[in-house]
There are 2 protein chains.
Amino acid sequence: MNSSSDEQSSAVDDCAIRVVDAPRVAAVRERMPAGQDLDDTAEVFGLLSDPGRLRLLLALLEGEMCVCDLAAVSGQSESAVSHALRLLRAHRVVTARRAGRMAFYRLEDAHVRMLLDLALAHTEHTQAIHPERDGNH
Amino acid sequence: MNSSSDEQSSAVDDCAIRVVDAPRVAAVRERMPAGQDLDDTAEVFGLLSDPGRLRLLLALLEGEMCVCDLAAVSGQSESAVSHALRLLRAHRVVTARRAGRMAFYRLEDAHVRMLLDLALAHTEHTQAIHPERDGNH
DNA sequence: TCAATATATGAACAGTTCTTCAGATGAGCA
DNA sequence: TGCTCATCTGAAGAACTGTTCATATATTGA
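Residues numbered from 1 in each chain as written. Chains lettered and ligands numbered in written order. Predicted model: local features only at pLDDT ≥ 70, side-chain atom pairs only at ≥ 80, totals over all residues.

### So, the overall build of chain A
Here is step 1: On a plain count of helices and strands, chain A comes out with six helices and three strands.
Here is step 2: Ordered by position from N to C terminus, the α and β elements of chain A give α-α-α-β-α-α-β-β-α.
Here is step 3: Looking at the 137 residues of chain A, the share that counts as buried comes to 37%.
Here is step 4: Restricting to contacts in chain A with at least 6 residues of sequence separation, those with at least 24 account for 49%. (Helix = DSSP H or I, 4+ residues; strand = E, 2+ residues; numbered from the N terminus. Buried ≥ 20, exposed ≤ 12 C-beta atoms within 10 Å, placed from the backbone. Contact = placed C-beta atoms within 7 Å.)

What follows is the structure, given as structure tokens:
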């Protein structure tokens, strides 16, 4: 997870980089999403690129949960979970509902939910295809 | 992108962490994918979490391309592209076809292709909803 | 064989990320 | 009010990531 994509300056036009299939390059460049959109997308994937956060989000797929249960489910310290949730909150992937001194988190981002569902379906699918991998490494 | 998930030791049973909704915690834990699968999934998301690699992969969605054209399309140095492709190759996300001194890369992983399609659809969709975002930041 | 070209690689550095620890905040309760 | 509990936060260090520069490999054509 990082940021870059500063206008992806026109290296092609500048002739700084040589090209083999020029029309193809132009066409693909045409369809390439804008720099900011790419950065945003990469950032979302970055949020999903940590096993700890992945566990939290998968747990939240089925409904809201409080911080301490999330810590138990994901096998992380409550501090680590809190930090992770803060990051996810900052990106509006989850939201918190406070009830007394507890905080209940829920998955708020439909796009992330789809990505998680897809990933989950994939692991279950490959599990079915390659059962020799018993998942315990 | 990192690795962890060492057996996610049974903090629940150890009573090291207190739990509010015990049955819920048990049920979610039951459905949680195995540690290795989670690590693998996180790793895939990690591969997609860099704008540069994202550009390369999006370019490859439409067919194979040589390294120099990928550099042109993605606005990166050829060295950076080569390093990125090596990483993607190591994870079998892309494969190389060599023709003379050129190397043509293609997207090889169906799961990654689906994730990219989904992400692409999402940016196009939000583009349609929020046209005020012109993508130039 | 030699030079030029396309890609690959290694090492090193800067920047980022994750975890941990210590302490802060703030709600509930005696 | 003072105490406990659930969560949050900041700072610090270790580990990781991405880029660059220099150089290596390998193929083509002269």
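On we go from here.
### Points about the sheet that holds strand 2 (residues 94-99) of chain A
Two strands in a sheet stick together by hydrogen bonds in their backbones, pointing the same way (parallel) or opposite ways (antiparallel).
Residues and elements named next belong to chain A.
Here is step 1: The strand order across the open sheet built from three strands is 1-3-2, with neighbouring strands paired in antiparallel fashion. One side of each edge strand has no neighbouring strand; the edge strands of this open sheet are strand 1 (65-66) and strand 2.
Here is step 2: Bridge count for strand 2 against strand 3 (residues 102-107) is six bridges, and the pairing is antiparallel. Among the inter-strand pairings, Arg98 is bridged to a residue of strand 3, identified as Ala103.
Here is step 3: Each of strand 2 and strand 3 is contacted by helix 5 (residues 78-90), which is oriented at about 115° to strand 2, the strand it contacts most. (Pairing = 2+ DSSP bridges. Axes fitted to C-alpha atoms, helices over the stretch in contact; angles between N-to-C directions.)

### Notes on the sheet that holds strand 3 (residues 102-107) of chain B
Residue and element names in this part refer to chain B.
Here is step 1: What the three strands build is an open sheet, ordered 1-3-2; its pairing is antiparallel. Here the strands that pair on one side only, and so sit at the sheet edges, are strand 1 (65-66) and strand 2 (94-99).
Here is step 2: Lying over the sheet, helix 4 (residues 51-60) contacts strand 1, strand 2 and strand 3, oriented at roughly 85° with respect to strand 3.

### Some words on helix 5 of chain A
Residues and elements named next belong to chain A.
Here is step 1: The terminal C-alpha atoms of helix 5, which comprises 13 residues, lie 18 Å apart, in line with the 18 Å expected from a rise of 1.5 Å per residue.
Here is step 2: When we look at burial in helix 5, the residues that qualify are Val81, Ala84, Leu85 and Leu88. Buried positions in helix 5, seen along its axis, are confined to an arc of 100° and lie on one side of it. Those residues of helix 5 that are exposed and angled more than 90 degrees off the buried face are Ser79, Arg86 and Ala90.
Here is step 3: Just downstream of helix 5, Arg92 is the residue with a positive phi angle, here 60°. (Expected span 1.5 Å × (residues − 1). Arc of directions from axis to C-beta.)

### Remarks on unusual backbone geometry
All names here are of chain A.
Here is step 1: Positive phi values are uncommon outside glycine, yet Arg92 reaches one of about 60°.
Here is step 2: Mapped onto the secondary structure, Arg92 falls in the loop between helix 5 and strand 2.
Here is step 3: Judged by local crowding, Arg92 falls into the exposed class, with 10 C-beta atoms found within 10 Å.

### So, the pairing of strand 3 of chain B
Here is step 1: Relative to strand 3 of chain B, strand 1 of chain B runs antiparallel, the two sharing two bridges. Each residue of the ladder has a partner; that of Met65 of chain B, found in strand 3 of chain B, is Tyr105 of chain B.

### With respect to the packing of helix 4 (residues 67-74) of chain A against helix 2 (residues 22-31) of chain B
Here is step 1: The interhelical angle for the contact between helix 4 of chain A and helix 2 of chain B, taken along N-to-C directions, is 35°, at an axis separation of 9 Å. Helix 4 of chain A and helix 2 of chain B meet at a crossing whose hand is right-handed. Residues Asp69, Ala72 and Val73 of chain A of helix 4 of chain A form the contact with helix 2 of chain B, whose own contacting residues are Arg24, Val25, Val28 and Arg29 of chain B.
Here is step 2: Residue classes in the contact of helix 4 of chain A with helix 2 of chain B are distributed as four nonpolar, no polar and three charged. (Left-handed = near helix turned anticlockwise from the far one by under 90°. Nonpolar A, V, L, I, M, F, W, Y, C, P; charged D, E, K, R; others polar.)

### With respect to helix 5 (residues 67-74) of chain B
Here is step 1: Among the eight residues of helix 5 of chain B, six are classified as buried, and the element is accordingly described as predominantly covered.
Here is step 2: Those residues of helix 5 of chain B that sit buried are Asp69, Leu70, Ala71, Ala72, Val73 and Ser74 of chain B.
Here is step 3: Its buried side turned inward, helix 5 of chain B meets helix 1 (22-31) of chain A together with helix 4, strand 1, helix 6 (78-90) and strand 3 of chain B.
Here is step 4: Gly75 of chain B sits one or two positions beyond helix 5 of chain B and adopts a positive phi of about 65°.

### Comments concerning the environment of Ser79 of chain B
Here is step 1: In this fold, Ser79 of chain B is placed in helix 6.
Here is step 2: Separated by twelve residues in the primary sequence, Ser79 of chain B and Val67 of chain B have C-alpha atoms spaced 9.5 Å apart.

### Some details on the packing of helix 4 of chain A against helix 5 of chain A
All names here are of chain A.
Here is step 1: Across the interface, helix 4 lies against helix 5 with an axial gap of 9 Å and an inter-helix angle of 110°. Relative to helix 5, the element helix 4 is oriented roughly perpendicular. When helix 4 is examined against helix 5, the residues Val67, Cys68, Leu70, Ala71 and Ser74 are found in contact with a partner set consisting of Glu78, Val81, Ser82 and Leu85. (Parallel < 35°, antiparallel > 145°, perpendicular 65-115°, else oblique.)

### Digging into the confidence of the model for chain A
Residues and elements named next belong to chain A.
Here is step 1: The predicted model of chain A averages 84 in pLDDT, with 80% of residues at 70 or higher.
Here is step 2: Mean pLDDT per element in chain A: helix 6 (residues 110-129) is the minimum at 88, and helix 3 (residues 51-60) is the maximum at 97.
Here is step 3: Scored below 50 in pLDDT, residues 1-15 makes 24 contacts in the model with residues more than four places away or belonging to other chains. (pLDDT = per-residue confidence, 0-100.)

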